[in-house]
Amino acid sequence: MNWKELLLPLGVFIGILLMTYFLRSVFFRYLLGLAKRTKWPFSEIVIKVFKKFIPFWGLLLALHISLGLTRIPPHIFTIINKTLLILLILSLAMSGSRLLVEIFNYYVLQKSEVLSKITLFEILVKIFVYVIAGILILNVLNINIAPFITTLGIAGLAISLALKDTLENFFAGIHIIMSKQIKPGDFLRLESGDEGIVEDITWRNTTLRTLSNNLIIIPNSKLAQSKVINYHLPSPDLSVIVEVGVSYESDLERVERITLEVARELMKTHPDGVPDFEPLIRYTAFRESSINFNVILRSKEPTARFVIAHEFIKRLHKRYKEEGIEIPFPIRTVYLYPQGERLKA
């Protein structure tokens with residue numbers, strides 16, 4: 001082959017590479033700026049993913065066209081073309097799987113405002129995409145794909161049965177994230193009575209950290225089927241009820257006034273109190289040695305309810321002492337008889 005005959009293929013090869021570089025550096029930059037102004041949320045993701053593969057696809061195109069302009073034997077050209085096609089299929093599988101995962105993560109983040117940590121979805125997407133790519137490659141190599149499709153169907157059924165519990169937890173986890181009813185940071189009370197802050201929601205388990213700094217690990221499917229109290233919904237502030245008892249000799253109007261003064265001061269001065277909340281008092285019962293009532297306060301966070309109750313009891317006890325209000329306690333009278341003396345009926 002004369003070297004002059006290589007000038008045209010070489011020029012075409014270099015020209016296509018230069019166009020590819022221009023497309024990647026200039027045109028894609030324009031498209032990226034345009035995507036940021038559009039309402040379609042996934043346009044920016046699509047451009048960023050495909051931008052990484054443009055140079056490789058440009059190289060494959062340049063090789064295909066430039067080699068077609070040379071005098072290489074047809075059977076060698078066919079082998080080269082099949083090789084280039086296989087590389088193209090693999091790169092499309094790689095970019096396609098990455099695009100699907102990025103779109104899924106973006107959708108989960110928008111729906112739940114929590115960064116997704118679900119790795120099983122990425123694994124399933126890659127298996128699905130690369131299996132399709134493998135079938136296409138076999139077709140390019142003129143290999144009969146019917147037995148592979150049949151085997152793939154049987155294997156898929158077997159795998160789905162074997163991973164029944166795993167898939168059930170996976171889709172339950174997606175449901176939990178998408179519904180926005182439970183998310184990391186929420187304080188939950190489970191059906192069993194356990195309480196804790198949601199640490200993480202993975203593809204299999206949801207992890208709660210209790211106030212005693214222990215972890216509760218719950219399969220997503222179990223959590224989705226349980227009755228759960230989410231103290232952060234509809235808002236994180238929580239009512240705190242403190243039971244108090246005063247003597248029967250107390251002036252209940254005065255007790256109510258003084259108790260509300262202490263409660264209001266606590267709500268306005270304590271960092272965990274809700275300043276605009278108006279505390280309430282409700283008398284509840286006549287007990288053996290006291291008249292009991294509930295004081296209703298409010299904390300900003302569910303976990304702060306213990307601090308609010310603790311601080312209120314301290315302040316109220318101090319104020320009652322200053323005001324002379326008695327907090328009674330049960331008294332029992334014990335009679336002692338001299339040894340040998342019997343109690344007469």
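Note that this is a predicted model, so its numbers are computed, not measured. Sequence order as written defines the numbering, with residues in each chain counted from 1. Local features in this predicted model are restricted to residues whose pLDDT is 70 or higher, and side-chain atom pairs enter the listing and the counts only when it is 80 or higher, whereas totals over whole chains, interfaces and linings include all residues. Values shown for side chains rest on all heavy atoms present in the structure; no hydrogens or waters enter the calculation.

1. Section: the layout of surface pockets
The condition is simple: The definitions used throughout rest on a 1 Å grid laid over the protein atoms alone, on which a cavity is an enclosed set of points accommodating a 1.4 Å probe that cannot get out and a pocket is an open set flanked by protein within 12 Å on both sides along at least five of seven lines; lining residues are those having an atom within 4 Å of a point. Grid points are joined across faces, edges and corners, and a volume is the space filled by probe spheres set on the points. Put simply, DSSP H or I for four residues or longer makes a helix, DSSP E for two residues or longer makes a strand, and each gets a number counted from the N terminus.
Quantified by volume, the second largest pocket comes out at close to 170 Å³. Along its surface, the second largest pocket is lined by His175, Ile176, Ser179, Gln181, Ile182, Leu223, Ala224, Ser226, Val228, Ile229, Asn230 and Leu233. Among the secondary structure elements, those contributing two or more residues to the lining of the second largest pocket are α7 (164-179), α8 (220-225) and β5 (229-230). Looking at which element gives the most residues to the lining of the second largest pocket, the answer is α7, with three residues.

2. So, the sheet that holds strand β3 (residues 205-209)
Threshold: When DSSP finds at least two bridges between two strands, those strands are taken to pair.
Reading across from one edge, β4-β3-β2-β1-β5 is the order of the five strands in this open sheet, with antiparallel pairing throughout. The two strands at the open ends of the sheet, each matched to only one other strand, are β4 (215-219) and β5. Across three bridges, strand β1 (residues 187-189) lies against strand β2 (residues 195-201) in antiparallel orientation. Of the residues in β2, the one forming a bridge with Leu188 is Gly196.

3. Some thoughts on the packing of aromatic side chains
Spelled out, the test is: Put simply, two rings from Phe, Tyr or Trp (the six-membered ring, in Trp's case) pair if the centres are within 6.5 Å, and we call them stacked under 30 degrees between planes, edge-to-face over 60, tilted for the rest. Classification of residues uses two cut-offs on accessible area relative to the type maximum, computed with a 1.4 Å probe and protein chains only: under 20% is buried, over 50% is exposed, and between them is partly exposed. Each ring is checked for a lysine NZ or an arginine CZ that lies within 6 Å of its centre and within 35 degrees of its normal; such an atom marks a charge sitting over the ring.
Taken as a whole and assessed by the stated rule, the structure comprises four aromatic pairs. Summarising the aromatic geometry, the rings of Phe187 and Tyr231 are spaced 5.6 Å apart at their centres and angled 40° between planes, so their arrangement reads as tilted. Pair noted here: Phe187 is in strand β1 and Tyr231 is in the loop between β5 and β6 (238-246), with a separation of 44 residues, a long-range link. Per residue, the accessibility class of Phe187 equals that of Tyr231, and both read buried. On the numbers, 5.2 Å between centres and 65° between planes, the contact of Tyr283 with Phe293 is edge-to-face. Of the two residues, Tyr283 is situated in strand β7 (residues 280-286) and Phe293 in strand β8 (residues 291-299); the sequence distance between them amounts to 10 residues. Residue Phe293 is classed as buried on the basis of its relative accessible area, which comes to 0%. The cationic tip of Arg305 hangs over the ring face of Tyr231; the distance from NZ or CZ to the ring centre is 5.8 Å.

4. Comments concerning the packing of helix α9 (residues 252-269) against helix α10 (residues 305-323)
Basically, it comes down to this: For helices, the fitted axis covers only the stretch in contact; all axes are lines through C-alpha atoms, and the angles between them, taken along N-to-C directions, range from 0 to 180 degrees. Geometric relationships in this document are graded by angle, where less than 35 degrees denotes roughly parallel, more than 145 denotes roughly antiparallel, 65 to 115 denotes roughly perpendicular, and other angles denote oblique. Take the far helix as the reference: if the near one is turned anticlockwise from it by less than a right angle, the crossing is left-handed, and if turned clockwise, right-handed. Any two residues having at least one pair of non-hydrogen atoms within 4.5 Å are treated as being in contact. When residues are sorted by character, Ala, Val, Leu, Ile, Met, Phe, Trp, Tyr, Cys and Pro go into the nonpolar class, Asp, Glu, Lys and Arg into the charged class, and all the rest, Gly among them, into the polar class.
As a packed pair, α9 and α10 sit with axes 10 Å apart at the nearest point and diverge in direction by 140°. For the element pair α9 / α10, the angle class is oblique. Remark: the crossing between α9 and α10 carries right-handed chirality. Each of Arg254, Val255, Ile258, Thr259, Glu261, Val262, Ala263, Glu265, Leu266, Met267 and Thr269 in α9 lies in contact with α10, whose residues at this interface are Ile308, Glu311, Phe312, Arg315, Leu316, Arg319, Tyr320 and Glu323. Grouping the constituent residues of the contact of α9 with α10 by class yields 10 nonpolar, two polar and seven charged.

5. Side note on α10
Keep this limit in mind: Here, expected helix span is obtained from the residue count minus one, scaled by 1.5 Å. Directions from the helix axis toward the C-beta atoms define the arc.
In this model, α10 (19 residues) spans 27 Å end to end at C-alpha, consistent with the 27 Å of a helix rising 1.5 Å per residue. Listing the buried residues of α10 in full gives Arg305, Ile308, Ala309, Glu311, Phe312, Leu316, Arg319 and Tyr320. Seen from one end, α10 has its buried residues packed into an arc of 165°, which puts them on one side. For α10, the exposed residues lying more than 90 degrees away from the buried face are Lys318, Lys321 and Glu322. Immediately beyond the C-terminal end of α10, within one or two residues, lies Gly324, with a positive phi of roughly 75°.

Structural measurements only, silent on function.
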